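Reading the structure
Here is how the chains run, residue by residue.
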Amino acid sequence: MAVLEIRGDRAAEFLDAALTQRAVGLPVGEGAPTFLMEADGRIMSPAYVIRDAPDDFRLVVPEERAGRVAAWLRDLSDGYVRFDEDIWAKLPGPLRVREIPAEDPRAVSARAQARFPTDLSDEAAVAIHKPFFIGHRAVDAAHRHRLTPLPVFSYTEPEGAPLKRTTLYELHRELGAKMIPFAGWEMPVWYTSVSEEHRAVRTAAGLFDVSHMGVLEVQGPGARAFLERVTTNDVMALRVGESQYTYLLDPEGRVLDDLIIYALAPDRYMLVVNAANNDRDWAWLNAVARGEVQIDRERPWAMLTDEVILRDLRDRRWGEDCRVDIALQGPQSLKILQSLADGRTGERLAALQRGQVLRAEIQGFDLIISRTGYTGERIGYELFVHPDRAPALFERLLDAGKPFGLRPCGLGARDSTRTEAGLPLYGHELAGPFDLTPGDAGFASFVKLYKPFFIGRKAYMAREAKRTMEVVRFRISEKGVRLPKLGDAVVDRRGRVIGYVTSCAMDSEGLLTGMAWIERSHQAEGTSIGIIVGSGSLPERPKIGDRLTVPIPAQVVSRFMSR
């Protein structure tokens, strides 16, 4: 026998994909029989895998196959070898792979412990329910007779539920806010006017109550692997203190939600999800974590068995761990926070880069602070605080922000700033009546197709291969025209329908700026287009290729706001 050492901070996820056995869920100090498979589905070698530490494994293989196995693992680790019909996929890496000398005590103990499997039908060596491993097609054939498909996930939105209120509701009323129903909550749409609040965000700062947003937590030894498989972005690229934008897809490649993941510790992640989708996201993640629903239509028995604990941090049973979100956005945001913080905390805030997150206490408030936001501002923060402390924090920030021009802002300015910035909204640029994907929205870079598996990957790739349209940003130079709405037809110079409006709002200069999903042939910056305002509410929506009349002239501008 020969013994190989595999080390690296992605070793568990790497081996989980390279072996027929589970590596992510293998306890430290334990081992298990397994196989390595060739790209064509033949057995490369039987093996025995041992986990010595979270990022340190030993693999025992027959001596005559050690050279090939080591070369195979190194090439897989470096991403230089094709292991499947899928040319995009590669395994996590790079890792260190070396042969341990035969006389080394670690090699001796590993050889003594090893037990090689002999057949693919050996259930102790094959974790058939894993969502992906090299050679799974050949292995599936040997086990298919005993596999039962899982049910398809379903969720029904509750009807007639009373509107919920954040802990800042009474404060909003005191501040004169206009309250409206939104995503099941009673929320402020504006305090003075949308245009004034929009302008404050762009020139000074705006303070938003976004405590209706869902704040979830995934923790445990399998947290990273779990999120890697249920979201589209590369969670393994996240270091503690960083965040990333990503998506939840269903097995058909449809968008369930877009969200931000914050890495708070190596085994603890915080997720911020849309308020309207919170309950469904929560049900979906729990059903997936418990192995109760299908995650792959081609392998309907596949399930995730990563060891995770899910918590809804708005649930009061979590006591001091509870968190809700308040957003401070605009060029003066850092100065406002620093005016409340001590010198050391102020320095940490100044050093915080976009997307980074830290924990700090500011004037008695225990906060998780991230430099993120939904307004397009380069300087902006989201402050995660206990819900009972949210009103006091909101008032403290307003008082501290008066010299800097800070204003409380409602949903109207939140929507107009994100539209001006070109940021997608679920139900408009994602999912919604046109069932838009991240690729449609212009955010395909947040879907990492090099990951060999995430839920919805194959279906998403199939849709991308056929996609002919994408979201652009447009601007209407004429003032005093009606506001285009979701679904209004977009036409070319000859009146031919080339797409549909997804969002539109007043921008910083008092002009209408919006987004539209249109054919690729008309997406170049500077292209003249027309918008048939009101056509989206017709009994029958205009079809691509139809000819309409009397469009409002508009022009395609840069995909994202330039400051």
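Refer to the structure above for everything that follows.
Residues numbered from 1 in each chain as written. Predicted model: local features only at pLDDT ≥ 70, side-chain atom pairs only at ≥ 80, totals over all residues. Heavy atoms only, no water.

**Focus: the nonpolar core**
In summary, soluble globular proteins display a tendency toward joint burial of nonpolar side chains. Stated precisely, the cut-off is as follows: Throughout, nonpolar core names a set of buried Ala, Val, Leu, Ile, Met, Phe, Trp, Tyr and Cys residues whose side chains join them through atoms within 4.5 Å. The buried label goes to any residue with under 20% of its type's maximum accessible area, the exposed label to any with over 50%, and the partly exposed label to all in between, with areas taken from a 1.4 Å probe on protein chains only. We call two residues in contact whenever any of their non-hydrogen atoms come within 4.5 Å of each other.
Among the nonpolar cores identified, the biggest contains 73 residues, and Leu36, Leu59, Leu73 and Phe226 are the most heavily contacted of them. In this view, Leu59 contacts Ala2, Val3, Leu4, Ile6, Leu19, Thr34, Leu36, Ala47, Tyr48, Val49, Val69 and Leu73; residues no more than four positions away in its chain are not counted. If you look at the next biggest cluster of nonpolar residues, it comprises 34 residues, including Leu168, Ala205, Ile326 and Leu398.

**Observations regarding the sheet that holds strand β11 (residues 255-265)**
Let me state the cut-off plainly: Only strands that DSSP links by at least two bridges are regarded as paired with each other. In this text, helices come from DSSP runs of H or I with a minimum length of four residues, and strands from runs of E with a minimum of two, each type numbered from the N-terminal end. With axes taken as lines fitted to C-alpha atoms, and helix axes fitted only over the stretch in contact, angles between N-to-C directions fall between 0 and 180 degrees.
Read across the sheet, 5 strands follow the order β10-β11-β12-β9-β13 without closing on themselves; strand pairing throughout is antiparallel. The outermost strands of the open sheet, each flanked by one partner alone, are β10 (243-249) and β13 (309-312). Neighbour-to-neighbour, the strand axes of the sheet open up by a mean angle of 30 degrees, direction not taken into account. With 6 bridges joining them, strand β9 (residues 214-219) and strand β12 (residues 268-273) adopt antiparallel strand pairing. Across the sheet, Leu216 pairs through a bridge with Leu271, a residue of β12. On the sheet, helix α8 (residues 278-289) packs against β9, β10, β11, β12 and β13 and is oriented at approximately 165 degrees with respect to β13.

**Things to note about the sheet that holds strand β1 (residues 2-7)**
Reading across the sheet, the 5 strands line up as β2-β3-β4-β1-β5 and stay open at both edges, with antiparallel pairing between neighbours. Every interior strand has two partners, whereas the edge strands, β2 (31-37) and β5 (96-100), have only one. Sheet twist, expressed as the mean angle between neighbouring strand axes with direction ignored, is 30 degrees.

**Brief notes about the side chain of Ser45**
The topology assignment puts Ser45 in strand β3 (residues 43-53). Residue Ser45 is classed as buried on the basis of its relative accessible area of 0%. Here Ser45 is in contact with Thr34, Phe35, Leu36, Val61, Pro62, Arg65 and Val69, once residues within four sequence places are set aside.

**What to know about the packing of helix α9 (residues 333-340) against helix α10 (residues 343-351)**
Our working definition: In what follows, roughly perpendicular refers to angles from 65 to 115 degrees, roughly parallel to angles under 35, roughly antiparallel to angles over 145, and oblique to any angle outside these ranges. Handedness of a crossing is defined here by the sense of rotation of the near helix relative to the far one, left-handed for an anticlockwise turn of less than a right angle and right-handed for a clockwise turn. Side-chain classes follow a simple rule in which Ala, Val, Leu, Ile, Met, Phe, Trp, Tyr, Cys and Pro form the nonpolar group, Asp, Glu, Lys and Arg form the charged group, and the remainder, Gly included, forms the polar group.
One can describe the packing of α9 onto α10 by two numbers: an axis separation of 8 Å at closest approach and a directional angle of 160 degrees. When the axes of α9 and α10 are compared, the pair comes out roughly antiparallel. Between α9 and α10 lies a crossing whose hand is right-handed. Contact with α9, carried on its side by Leu334, Leu337 and Gln338, involves Gly346, Leu349 and Ala350 of α10 and no other residues of that element. Tallied by class, residues from the contact of α9 with α10 come to 4 nonpolar, 2 polar and no charged.

**Considerations on the packing of aromatic side chains**
Heads up, the rule is: Think of it this way: a Phe, Tyr or Trp ring, Trp meaning its six-membered ring, pairs with another when their centres are within 6.5 Å, and the plane angle makes it stacked under 30 degrees, edge-to-face over 60, tilted otherwise. A ring is considered to have a charge above it if a Lys NZ or an Arg CZ atom is located within 6 Å of its centre and within 35 degrees of its normal.
Across all of its chains, the model carries 10 aromatic pairs by this definition. Relative to Trp284, the ring of Phe153 has its centre 5.2 Å away and its plane inclined at 70 degrees; by these criteria the two rings are edge-to-face. With Phe153 in the loop between α4 (136-143) and α5 (169-174) and Trp284 in helix α8, the pair connects residues that are 131 residues apart, well separated along the chain. Ring geometry for Tyr245 and Phe443: centres 5.8 Å apart, planes at 70 degrees, overall edge-to-face. Within this pair, whereas Tyr245 is found in strand β10, its partner Phe443 is found in the loop between α13 (438-441) and α14 (457-466), the two being separated by 198 residues in sequence. One aromatic cluster is present, built from ring pairs that chain together Tyr245, Tyr247, Phe443, Phe446 and Phe560. Residue placement shows Lys90 over the ring face of Tyr450; its charged tip is 5.1 Å from the ring centre. In this structure, Arg311 packs its charged tip against the face of Trp318, placed 4.8 Å from the ring centre.

**Description of the pattern of salt bridges**
The cut-off we apply is this: By convention in these notes, a salt bridge is any Lys or Arg side-chain nitrogen within 4 Å of a carboxyl oxygen on Asp or Glu.
By the definition in use, this model includes 44 salt bridges. Among the ionic pairs, Asp250 bridges to Arg254, the shortest N-O distance being 3.1 Å. Since its relative accessible area comes to 9%, Asp250 is described here as buried.

**Concerning the pairing of β9**
Here β9 lies mainly inside the structure; 5 of its 6 residues are buried. Summarising the sheet, β9 and β13 pair through 4 bridges and their orientation is antiparallel. Along β13, the bridge assignment pairs Leu216 with Asp312.

**Things to note about α8**
Heads up, the condition is: Take the number of residues in a helix, subtract one, and multiply by 1.5 Å to get its expected span.
Compared with the 16 Å implied by 1.5 Å per residue over 12 residues, the 16 Å span of α8 between its first and last C-alpha is a close match. Buried within α8 we find Asn278, Arg280, Asp281, Trp284, Leu285, Asn286, Ala287 and Val288. Where α8 is buried, its residues touch β9, α7 (223-230), β10, β11, β12 and β13. At the C-terminal side of α8, Gly291 shows a positive phi close to 70 degrees.

**Topic: α4**
Put simply, the test is: Directions from the helix axis toward the C-beta atoms define the arc.
Restricting attention to buried positions, one finds in α4 the residues His136, Val139, Asp140 and His143. For α4, the angular spread of the buried residues around the axis is 110 degrees, confining them to a single face. Elements in contact with the buried residues of α4: β2.

**A word on the packing of α9 against helix α11 (residues 390-401)**
Direction vectors running N to C along α9 and α11 enclose 110 degrees, while the axes themselves pass 9 Å from each other. By the angle between their directions, the pair α9 and α11 is classed as roughly perpendicular. Contacts from Ile336, Leu337, Ser339 and Leu340 of α9 reach α11 at Arg396, Leu397, Ala400 and Gly401. Among the residues forming the contact of α9 with α11, the class breakdown is 5 nonpolar, 2 polar and 1 charged.

**So, the pairing of β1**
In terms of burial, β1 is a largely internal element, 5 of the 6 residues being buried. Where β1 meets strand β4 (residues 56-61), 6 bridges bridge the pair, whose relative direction is antiparallel. Its bridge partner lying in β4, Leu4 is registered against Leu59. The pairing of β1 with β5 spans 5 bridges and is classified as antiparallel. Paired with Leu4 across the strands is Glu99, a residue of β5.

**Quick look at the environment of Ala489**
Within the secondary structure, Ala489 is located in strand β20 (residues 489-491). For Ala489, a relative accessible area of 0% corresponds to the buried category. For the pair formed by Ala489 and Trp517, sequence separation is 28 residues and the distance between their alpha carbons is 9.7 Å.

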